[in-house]
Amino acid sequence: MPVVPPARVGEERLPDGRLLGWAEWGREDGTPVLLCPGAATSRHLGLDAAAVDDLGIRLISLDRPGLGASTPVPRRTFADFAADVRTFAHRRELGRPAMVAHSQGAPFALACAAAGAVGALAVVSGADEVADPRFADVLPPRLRHLVDLAVHEPHRAEEVFAAFTAQAMWEMVLDGSPACDVAVYREESFTAAYLRALREGFAQGAGGYARDTVLAMGRWGIDLASITVPVDVWYGAEDLGHSPDQGAWLTSRIPSAVRHLVPGTGGAVLWTHGHRIVRVLLEHGEQP
């Protein structure tokens with residue numbers, strides 16, 4: 001399950017002059033698959049190298065604004081990111097590519113699906129819409145407080161999240177993960193890639209992560225019922241942190257979405273079962 005450095009990296013200049021950082025793995029003529037990374041990580045953390053090679057894909061990871069090489073955008077929205085993805089795909093002649101979203105990248109990717117910017121989506125260990133009232137009684141008190149802050153006082157919430165560092169994120173991930181995931185994260189190549197992605201994610205400060213987190217923890221305002229592209233929702237059975245019900249309600253809100261619960265893994269399912277996840281995603285593109 002080794003992860004390797006990207007084969008190609010660069011920045012795309014958008015029409016308004018901003019830069020959008022990207023990294024690629026796999027064949028340049030492979031089937032394009034966009035990657036929407038998890039919390040605070042940059043373009044430098046990819047998937048299992050064998051999955052990329054075996055499936056013949058061109059994996060392209062994108063830095064959200066303020067993370068990695070992408071220009072910060074204060075007060076940006078989910079819709080803004082979807083517009084950036086659409087522009088990037090057009091400029092790179094990718095058509096309407098499939099997308100994989102991990103963890104906090106989930107609502108950003110769902111916004112892309114709702115806007116029709118991607119042709120199929122795999123939501124993996126997705127951060128759920130925890131601000132919805134149905135989850136109020138099941139969230140731990142500390143998380144409930146942060147969610148309320150994100151909803152009612154987003155500027156104060158951003159100040160709280162802006163105090164995070166790359167090292168604090170790494171420690172939080174390890175401390176909050178089951179043993180099966182920690183074993184994955186401690187693998188040498190994964191640790192190196194993850195720490196690099198975190199350091200680059202905070203290279204411009206914590207503002208990008210803070211804005212991402214306020215958006216993800218607040219009310220999304222995404223019309224999930226309008227999504228018409230195929231969506232697969234994946235959770236490891238040991239993952240108790242990304243969604244209070246492991247995506248059951250999230251999946252029910254998306255027409256034709258399919259939920260997959262994978263035993264023996266947790267939030268690391270993207271790397272323990274990446275081959276299967278991407279294979280299912282590609283099968284959608286083969287349908288008439």
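Higher on the page you've got the structure.
To keep things clear, this report deals only with the structure shown in the data block. As the structure is a computational prediction, the values presented were derived from the model and not from experiment.

**So, the overall build of the chain**
Reasoning step 1: Looking only at helices and strands, the chain features twelve helices and eight strands.
Reasoning step 2: Relative to a compact globule of 288 residues, whose C-alpha radius of gyration would be 19 Å, the chain shows 17 Å and is just as compact.
Reasoning step 3: Its C-alpha atoms put the chain at 50 × 45 × 40 Å along the principal axes.
Reasoning step 4: In the chain, which comprises 288 residues, the proportion classed as buried is 57%.
Reasoning step 5: Across the chain, the fraction of contacts at a sequence separation of at least 24, relative to all contacts at a separation of at least 6, is 73%.
Reasoning step 6: As displayed, the chain has an accessible area near 11800 Å², and 52% of this comes from carbon and sulfur atoms.
Reasoning step 7: The average position of the 26 basic charges and that of the 35 acidic charges among the side chains of the chain differ by 4 Å.

**Let's talk about helix α2 (residues 78-91)**
Reasoning step 1: Here α2 is 14 residues long and its end C-alpha atoms lie 20 Å apart, about the 20 Å a rise of 1.5 Å per residue gives.
Reasoning step 2: Regarding α2, the residues found buried are Phe 78, Phe 81, Ala 82, Asp 84, Val 85, Phe 88 and Ala 89. Along α2, the residues classed as buried sweep out an arc of 160 degrees about the axis, all on the same side. Away from its buried face by more than 90 degrees, α2 exposes Ala 79 and His 90.
Reasoning step 3: Its side-chain oxygen 3.4 Å from the backbone nitrogen of Ala 79, Thr 77 forms the N-cap of α2.
Reasoning step 4: Looking at the residues trailing α2, positive phi occurs at Glu 93, about 55 degrees.

**With respect to the packing of α2 against helix α3 (residues 106-114)**
Reasoning step 1: Remark: α2 packs on α3, axes separated minimally by 8 Å, with the N-to-C direction vectors making an angle of 65 degrees. In this structure, the crossing between α2 and α3 has a hand that is right-handed. In this structure, α2 contributes Phe 78, Phe 81, Ala 82 and Val 85 to the contact, and α3 contributes Pro 107, Phe 108, Ala 111 and Cys 112.
Reasoning step 2: Residues that form the contact of α2 with α3 fall into these classes: eight nonpolar, no polar and no charged.

**Some details on the sheet that holds strand β2 (residues 19-26)**
Reasoning step 1: With respect to topology, eight strands assemble into an open sheet ordered β1-β2-β4-β3-β5-β6-β7-β8, the strand pairing being mixed. Of all the strands in the sheet, the pair left with one neighbour each is β1 (8-13) and β8 (258-262). With direction set aside, neighbouring strand axes in the sheet form an average angle of 25 degrees.
Reasoning step 2: Pairing between strand β7 (residues 231-236) and β8: five bridges, direction parallel. Note that in β8 the partner of Trp 234 across the bridge is His 260.

**Structural notes on the side chain of His 102**
Reasoning step 1: Relative to the helices and strands, His 102 is located in strand β5 (residues 98-102).
Reasoning step 2: If sequence neighbours within four positions are ignored, His 102 has contacts with Cys 36, Pro 37, Gly 38, Val 124, Ser 125, Gly 267, Leu 270 and Trp 271.

**Focus on unusual backbone geometry**
Reasoning step 1: Unlike most non-glycine residues, Ala 40 shows phi in positive territory, near 65 degrees.
Reasoning step 2: Relative to the helices and strands, Ala 40 is located in the loop between β3 (31-36) and α1 (49-55).
Reasoning step 3: In the Ramachandran plot, Ser 125 falls in the positive-phi region, its phi being about 50 degrees despite a non-glycine side chain.
Reasoning step 4: The topology assignment puts Ser 125 in the loop between β6 (120-124) and α4 (141-152).

**Observations regarding the environment of Trp 271**
Reasoning step 1: For Trp 271, the position within the fold is in helix α11 (residues 269-272).
Reasoning step 2: On the basis of relative accessibility, which here comes to 4%, the residue Trp 271 falls in the buried class.
Reasoning step 3: Residues Trp 271 and Arg 58 lie 213 residues apart in sequence; the distance between their C-alpha atoms is 17 Å.

Cut-offs and rules
- Within any chain, residue numbers begin from 1 and follow the written order of that chain's sequence.
- Since the coordinates come from a predicted model, pLDDT governs what is reported: local features require at least 70, and pairs of side-chain atoms require 80 or more to be given and counted, while whole-chain, interface and lining totals use all residues.
- For side-chain calculations, the full set of non-hydrogen atoms in the structure is used, while hydrogens and water are omitted.
- Each helix corresponds to a stretch of at least 4 residues labelled H or I by DSSP, and each strand to a stretch of at least 2 residues labelled E; elements are numbered beginning at the N terminus.
- In this description the radius of gyration comes from C-alpha coordinates, and the expected globular size is given by 2.2 Å times residues to the power 0.38.
- Between buried and exposed lies partly exposed: a residue is buried under 20% and exposed over 50% of the maximum accessible area for its type, with that area taken using a 1.4 Å probe on protein chains only.
- Throughout, a contact is declared for two residues whenever any of their heavy atoms are within 4.5 Å.
- All accessible areas in this document rest on Shrake-Rupley with a 1.4 Å probe, and a residue is counted as covered only by the protein chains that are shown.
- Under the convention used here, Asp and Glu are negative, Lys and Arg are positive, and both His and the chain ends fall outside the count.
- Every charge is mapped to an atom, namely NZ of Lys, CZ of Arg, CG of Asp or CD of Glu.
- For a helix, the expected span equals 1.5 Å multiplied by the number of residues minus one.
- Relevant arc is that of directions from the helix axis to the C-beta atoms, nothing else.
- Definition of a polar contact: a pair of N or O atoms within 3.5 Å, with one able to donate and the other able to accept a hydrogen when the atoms are protein atoms, and with sequence-neighbouring residues admitted only if both atoms are side-chain atoms.
- Axis lines are fitted through C-alpha atoms, for helices just across the contact stretch, and the angle between N-to-C directions can take any value from 0 to 180 degrees.
- Crossing chirality is assigned from the near helix's rotation relative to the far helix, an anticlockwise turn below a right angle marking it left-handed and a clockwise turn marking it right-handed.
- Polar here means any residue other than Ala, Val, Leu, Ile, Met, Phe, Trp, Tyr, Cys and Pro, which are nonpolar, and Asp, Glu, Lys and Arg, which are charged; Gly is therefore polar.
- Here, strands pair whenever DSSP counts at least two bridges between them.

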